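So you can see what is in the structure, the chains are spelled out below.
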Amino acid sequence: ALGAFEVLLVLAFYGAYRACATYWIEVAPDIIRVNGLFRQRAFPFSSLGKVALLEGGGRGPRYVVALYDRQEKPVRKLSSEVAGFEEMVALIRERAFAAGTPYCYRDKWGCWTT
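Residues numbered from 1 in each chain as written. Predicted model: local features only at pLDDT ≥ 70, side-chain atom pairs only at ≥ 80, totals over all residues. Heavy atoms only, no water.

### A word on helix H2 (residues 85-99)
Each α-helix winds once per 3.6 residues, and so residues spaced three or four apart point in a common direction. Given a rise of 1.5 Å per residue, 15 residues ought to cover 21 Å, and the 21 Å separating the end C-alpha atoms of H2 matches this to within 8%. Among the residues of H2, those classed as buried are Phe85, Met88, Val89, Ile92, Arg95 and Ala96. The arc that holds every buried residue of H2, seen down its axis, measures 140°, which confines them to one face. Exposed side of H2, more than 90 degrees from the buried face: Glu86, Glu87, Glu94, Phe97 and Ala98 are the residues found there. In this fold, the buried residues of H2 make contact with strand S1 (24-27), strand S2 (31-35), strand S4 (48-55), strand S5 (63-69), strand S6 (74-79) and strand S7 (103-106). Once H2 finishes, Gly100 follows within two positions and takes phi at roughly 80°, a positive value. (Helix = DSSP H or I, 4+ residues; strand = E, 2+ residues; numbered from the N terminus. Expected span 1.5 Å × (residues − 1). Buried < 20%, exposed > 50% of the residue type's maximum accessible area, 1.4 Å probe, protein only. Arc of directions from axis to C-beta. Contact = heavy atoms within 4.5 Å.)

### Overview of unusual backbone geometry
At Glu72, a position not held by glycine, the phi torsion is positive, near 65°. By the element assignment, Glu72 lies in the loop between S5 and S6. For Glu72, a relative accessible area of 46% puts it in the partly exposed group.

### Here's the deal with the environment of Phe45
The residue Phe45 is located in the loop between strand S3 (40-44) and S4 in this model. Each C-alpha atom, one on Phe45 and one on Arg62, is 24 Å from the other, the two residues being 17 residues apart in sequence. Not counting residues within four places of it along the chain, the set of residues in contact with Phe45 comprises Val27, Ala28, Pro29, Asp30, Ile31, Ile32, Ile92, Arg95, Ala96, Ala99 and Thr101.

Next comes the structure, spelled out in structure tokens:
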């Protein structure tokens, strides 16, 4: 039983390492690609209804970039815990503006600015 526990523990650490090593976000001129452990998702700016930078309060990440579809439903959230988050937000804002996708900011009190 102890040997099986050790094997499961090593596999869990290896799985966590692989998940971190394979995760990346690419912001191309017309699309945002997010690669995870098991699949890659693509979010074209033309299909997004809005991109929002949300400021959190309390637990969780300080900032989150939320991607919304045309029906105002969130389709993906990108946490500020990603390396190079500030540069990524600036690039997303620039590319969203170029594609005509609305970009807005919501502070921790719920006030929106565009």
